[in-house]
6 protein chains.
Amino acid sequence: MTIVVQNIDRTDRAIIDGLAAAGVATVHEAQGRRGMLASYMRPIYAGAQVAGSAITISAPPGDNWMLHVAIEQLREGDILVLAPTSPCDNGYFGDLLATSAMARGCRGLVIDAGVRDIRDLTRMGFPVWSKAVSAQGTVKATLGSVNVPVVCAGAAVEAGDILVADDDGVCVVKRAEAAEVLAAAEKRLAAEEAKRSRLAAGELGLDIYDMRGTLEQKGLRYV
Amino acid sequence: MTIVVQNIDRTDRAIIDGLAAAGVATVHEAQGRRGMLASYMRPIYAGAQVAGSAITISAPPGDNWMLHVAIEQLREGDILVLAPTSPCDNGYFGDLLATSAMARGCRGLVIDAGVRDIRDLTRMGFPVWSKAVSAQGTVKATLGSVNVPVVCAGAAVEAGDILVADDDGVCVVKRAEAAEVLAAAEKRLAAEEAKRSRLAAGELGLDIYDMRGTLEQKGLRYV
Amino acid sequence: MTIVVQNIDRTDRAIIDGLAAAGVATVHEAQGRRGMLASYMRPIYAGAQVAGSAITISAPPGDNWMLHVAIEQLREGDILVLAPTSPCDNGYFGDLLATSAMARGCRGLVIDAGVRDIRDLTRMGFPVWSKAVSAQGTVKATLGSVNVPVVCAGAAVEAGDILVADDDGVCVVKRAEAAEVLAAAEKRLAAEEAKRSRLAAGELGLDIYDMRGTLEQKGLRYV
Amino acid sequence: MTIVVQNIDRTDRAIIDGLAAAGVATVHEAQGRRGMLASYMRPIYAGAQVAGSAITISAPPGDNWMLHVAIEQLREGDILVLAPTSPCDNGYFGDLLATSAMARGCRGLVIDAGVRDIRDLTRMGFPVWSKAVSAQGTVKATLGSVNVPVVCAGAAVEAGDILVADDDGVCVVKRAEAAEVLAAAEKRLAAEEAKRSRLAAGELGLDIYDMRGTLEQKGLRYV
Amino acid sequence: MTIVVQNIDRTDRAIIDGLAAAGVATVHEAQGRRGMLASYMRPIYAGAQVAGSAITISAPPGDNWMLHVAIEQLREGDILVLAPTSPCDNGYFGDLLATSAMARGCRGLVIDAGVRDIRDLTRMGFPVWSKAVSAQGTVKATLGSVNVPVVCAGAAVEAGDILVADDDGVCVVKRAEAAEVLAAAEKRLAAEEAKRSRLAAGELGLDIYDMRGTLEQKGLRYV
Amino acid sequence: MTIVVQNIDRTDRAIIDGLAAAGVATVHEAQGRRGMLASYMRPIYAGAQVAGSAITISAPPGDNWMLHVAIEQLREGDILVLAPTSPCDNGYFGDLLATSAMARGCRGLVIDAGVRDIRDLTRMGFPVWSKAVSAQGTVKATLGSVNVPVVCAGAAVEAGDILVADDDGVCVVKRAEAAEVLAAAEKRLAAEEAKRSRLAAGELGLDIYDMRGTLEQKGLRYV
């Protein structure tokens, strides 16, 4: 029941970096409006925009033992993803663990629980998206698992899936779909550029997207 | 049922700007402690302080079609106010819509739902007060209405009412009462100035407001 | 029932300042993982780190009268702690009360309710940890008590206890245990320094804390 | 600011009783899916199904004084509707007030706050829809208003509007639209009867509502 | 840090039974509107009305080990009170523990977390007031304490305090004040009886409590 | 993106019925404390205890179109499981859909959203576990999918997985593990029976489970 899966498949770094550059909203749309974690997942500081392969952690409430186990599994470019087995806002992670994770190339933490030492983490430039900020400590008494499928903040995440995170929240991309999603995202970004100019010039979405006819047909009345 | 009211009455720009300058807390007090939207309505960035005439939007959950319709109704100095017909935290609004709204003179958005692209919105200086930040996308399938009365975050808002918003939240002022509320707000600000100096000098509110007698009479005991 | 306790015992200033320097997470751990207020208590601005002796206030919902009474009881280095007698998010406190409190040496406010004028408070450098930001005003009609035991955000606080607050939240230290907790905190900080260097150098927590044996014994399997 | 509007217009009793008989879900649909109060408004016991003209109360948090004032305004067939001016879960109402309200023909209470003595109220057959059950008491110190427009649990309610409430929650019908909504509700009930028989016989909604073509056209694929 | 206090003082059984008979709302008022636990504490079935001396439990999130320890401390007429050290909705308690507690004379459980097997508990007549119903299991790995002061659902509770619980929620009475509170409660019940008759006869609270003058003086206007 | 998977694998009926008989708490423990849906999922009436193969539905917020599609996929013994693509409390399901589902042998509905007509559903004996009760209606405008993997109330569910539901909530069992989980559950039930008798006779869990030594060793002190 409590296992550590050691050799997980990861996606090509270029694809991951492309997804990071596209950002959460674009990636989410590009994969058919799927993959968002719950909106209560907020960054501890503004401005970070990252993507990485998920090292998943299933941990008991109030017990951060498995974080130490998971850190050994990190490779350059990974992101830690922790889901407690029941709702918990304890501060599972702080500056010491962040120091260790950074030393192994970790790009950030996504945790459906609490985090602490956020001033230090901000100073270190280690981004965290969490449900809570809390200094409430944890124990190291009960095992969980690493790199098993988890549900984190309402989204199913498997080890090696790509997590994309920025000021808008966190989105997960299935590993098998990463290349295709990136292509769709880049196409979308290009298309938006043209629209942005027209909108900035005062043209209306009603006209650009040719909506007036459909709206009228659906019964919209102007009074 | 799904209508767009086109010609709404607005308040004189000088009054609106006066209310913006007074700020939310003062305006709220000046109108007898009424009009606050729920405290979960938070700005996406600190420091914005605006007021504007409400263009109201009643929209289905997860459907942002009416935002395009509403933008056409905007005039310089307006604020968009969106209330979903049932609780929803989807990101109805992002940088493209903001570009369009700004091009028409819109001063901000108040939305009892989610918003996305907040880094871009911050960069553009387009302020939003929302219930959530979320990249979760919406569809354009079902109509709503524009410039009908709505309840937004617990407050009744009619098209043309004045929304005042700053770091303390959002307050609505009835259009018919705007001039009177501004007068009361300015009087209040003047009165506060004098009190502030006395309090800064170490005088106590207990003495300034002459509370000691009443407190004793009500039964307060010092032990 | 409604009393003001006037002469409370306080802790030595050096101990209080030591606790402030140690910070919330360390102090909380140093006293056996006790004393955290609920994680919904958030600072109105980032970066403040303070400690002070608690002047406690038990106030009715929507009534801030006792804040005026409490301010008279403040001495240099104190912190105001307000607990409403039932859940309330009204803005009990704003820039005028902050001016008055600062004039008496107050270091901050911890309030299980709302606060307003947060832009002014930020400018003044008066830190507040609160459940909500809200401009919703209060009345002055019903008495409460000052310097009686309260439960604030889930933690029991007595007048004279030390509140420690920073970006991670708020922690209470019993007055009688303050010296001992500070000693433990400083010991902990020293120990962490050594670990931080080793972790930064890439050593694993699994090895530093010698966890591999216990994990295996508990049944952790690597696959 | 604090007023009691005494002579409000009410709807014909037969219409009100017809709306009660139709029930909340049907009435809500019949008026174009409008008027629902928030889903956190729950009955204190199962099985009550009522409608009545609203006597509205705007009351401060934790202060139930205006309930006594409102009870004098009750007529046979009315429903009390209380909206606190800020979120509050205090028990504003218990068996004594219910005794008084029942003596004046009141059919129930809709309160966006707490209620107590629910065992007694259940025994008396006085239905209440509330946000909370709480014995936390209130004071009688600050005025509010009676029969002014309020927002209750997210819905705008004016004195004399019809409140319909059952196990599914609470819905408000504008007084001016009551007759028309009742007609639509009854038509809807009749139509549902026929559908119910066909569905019970195993026919599919896909066929009864002729949805297969549209679904295919929209792109639904069976795999 | 982890202790079991064995010999706690209890209140006379007759007083406890008197408080149970008076019920939560009356007891709460009789002690000056103090002592209510948060309104989210709800009974698993309607109709139970009990009081008992508190055996308090401070337990880690997701760990119910200390319940076994606490049960040994139970005497006839006690109530178990469990407060997790951080928010948790796990089902700490089910039918086996209830069987054990009942065998020792326990009258119920008050738990700021989850409970399970509620159909069995209902059948057994073992009442529980909890924050949640959840079958999510717990571990037995980390110690807590028994009969130490705790904060349970926002209220401070010491071992031996009296918990009163019914359909309106849960109230705590300090052991030292129990006799006095009972006397006040019984006086209150007697006074209510007279008022109830008058209200049932149609007399108004406005007249019984002689409120009209004060209301007018405060500025209430009838229009 | 919007598909209906038609031929899903189901588990043997005897295993499903065995899991229903074991109940949620036992099944959850038997599979290693996994599979619980969030504790906010509550039954609309007490006493139902069912299990069935999941027909999963991924639906947009406020749009119940796919329920009609899903009902065609039902076979005797199935349970409908609906997960909205973003948080929504609308009443997606009422008595007409229940009539249709029952006609096809459906045992119940598990929905991370709202349900309505609960009085009718109770009368019909059609059990529902939901996040909310709400009469707020939905549209039929946007497609979703049927029998794709979903996350429902925090748990990952695939079509054909077994949902077990009773008064304690809802638990999911992976189809491939169903037989093994049932065996473990039955073993657990047998073991509990013996313990129940000993506990009822007054024996302590401390002794039955031989905990005293470990507790002492961990440092528990009796004072």
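In this text, all values refer to a predicted model and were calculated from it rather than measured experimentally.

Describing the relation of the copies chain E and chain C
Point 1. For the pair chain E and chain C, the superposition axis carries a translation of 0.0 Å, the fit reaches an RMSD of 0.0 Å, and the rotation angle comes to 180°. Here the symmetry operator amounts to a two-fold rotation axis. Among all residues of chain E, the minimum C-alpha distance to the rotation axis is found for Gly154(E), at 2.6 Å.
Point 2. Both copies contact each other with a shared surface, as 100% of the interface residues of chain E are interface residues in chain C too.

What to know about the confidence of the model for chain A
Point 1. For chain A, the average pLDDT comes to 97, and 100% of its residues sit at 70 or higher.
Point 2. If you check the scores for this complex, the pTM reads 0.98 and the ipTM reads 0.96.

What to know about the interface of chain A and chain C
Note: interface size is frequently given as the accessible area lost on complex formation between the parts.
Point 1. On the chain C side, the residues contacting the 35 residues of chain A number 34 residues.
Point 2. Carbon and sulfur atoms make up 58% of the surface buried where chain A meets chain C, a total of about 3,000 Å² over both sides.
Point 3. The largest share of the area that chain A buries against chain C comes from Trp65(A), Leu96(A) and Arg119(A), three residues that together contribute 20% of it.
Point 4. Counting across the interface, chain A meets chain C through 3 salt bridges.
Point 5. Of the charged contacts, one joins Glu29(C) and Arg116(A) as a salt bridge, the two residues approaching to 3.0 Å between their closest N and O atoms.
Point 6. The tally of links from chain A across to chain C stands at 14 residue pairs in polar contact (both at pLDDT 80 or more).
Point 7. Elements with a minimum of two residues in the side of chain A that touches chain C: strand E1 (3–4), helix H3 (65–73), helix H4 (95–103), helix H5 (118–124) and strand E6 (128–133) of chain A.
Point 8. Among the elements that make up the side of chain A that touches chain C, the one with the highest residue count is H3(A) (7 residues).
Point 9. Classifying every residue of the side of chain A that touches chain C gives 16 nonpolar, 11 polar and 8 charged.
Point 10. Bridge analysis of E1(A) against strand E12 (residues 221–222) of chain C gives 2 bridges, and the strand direction is parallel. Bridge assignment links Ile3(A) to a residue of E12(C), and that residue is Arg221(C).

As for the relation of the copies chain A and chain C
Point 1. Placing chain A over chain C gives an RMSD of 0.0 Å and needs a rotation angle of 120°, together with 0.0 Å of translation along the axis. Taken together, the turn and the small shift mark the pair as related by a three-fold rotation axis.

A word on the interface of chain E and chain C
Point 1. Facing 8 residues of chain E, the contacting portion of chain C comprises 8 residues.
Point 2. Both faces combined, the contact of chain E with chain C buries some 510 Å², and carbon together with sulfur accounts for 74% of it.
Point 3. Interface area lost by chain E to chain C is led by Met1(E), Val151(E) and Gly154(E), which between them contribute 59%.
Point 4. Between chain E and chain C we count 0 salt bridges in total.
Point 5. The interface formed by chain E and chain C contains 0 residue pairs in polar contact (both at pLDDT 80 or more).
Point 6. Within the side of chain E that touches chain C, the residues separate by chemical class into 4 nonpolar, 3 polar and 1 charged.

Looking at the packing of aromatic side chains
Two aromatic rings, taken as a pair, are described by how far apart their centres are and by the angle between their planes.
All names here are of chain A.
Point 1. Under the defined criterion, the tally for this structure stands at 6 aromatic pairs over all chains.
Point 2. Centre to centre, the rings of phenylalanine 93 and phenylalanine 126 are 5.5 Å apart; their planes meet at 20°, and the pair counts as stacked. On the criterion of sequence distance, the pair formed by phenylalanine 93 in the loop between strand E4 (78–84) and H4 and phenylalanine 126 in the loop between H5 and E6 is long-range, its members being 33 residues apart.
Point 3. According to the relative accessible area criterion, phenylalanine 93 is buried, its value standing at 1%.

Here we look at helix H4 (residues 95–103) of chain E
Point 1. Across the 9 residues of H4(E), 7 count as buried, placing the element largely inside the fold.
Point 2. In this fold, the buried residues of H4(E) make contact with helix H3 (65–73), strand E4 (78–84) and helix H5 (118–124) of chain E together with helix H6 (178–200) of chain F.
Point 3. Phi for Gly105(E), located one or two positions after H4(E), is positive at around 90°.

Conventions and cut-offs
Residues numbered from 1 in each chain as written. Chains lettered and ligands numbered in written order. Predicted model: local features only at pLDDT ≥ 70, side-chain atom pairs only at ≥ 80, totals over all residues. Heavy atoms only, no water. Least-squares fit on C-alpha atoms with pLDDT ≥ 70 in both. Contact = heavy atoms within 4.5 Å. pLDDT = per-residue confidence, 0-100. Buried area = accessible area lost by both parts, 1.4 Å probe. Salt bridge = Lys/Arg side-chain N within 4 Å of Asp/Glu carboxyl O. Polar contact = N/O pair within 3.5 Å; in protein donor to acceptor, adjacent residues only side chain to side chain. Helix = DSSP H or I, 4+ residues; strand = E, 2+ residues; numbered from the N terminus. Nonpolar A, V, L, I, M, F, W, Y, C, P; charged D, E, K, R; others polar. Pairing = 2+ DSSP bridges. Phe/Tyr/Trp six-rings, centres within 6.5 Å; stacked < 30°, edge-to-face > 60°. Buried < 20%, exposed > 50% of the residue type's maximum accessible area, 1.4 Å probe, protein only.

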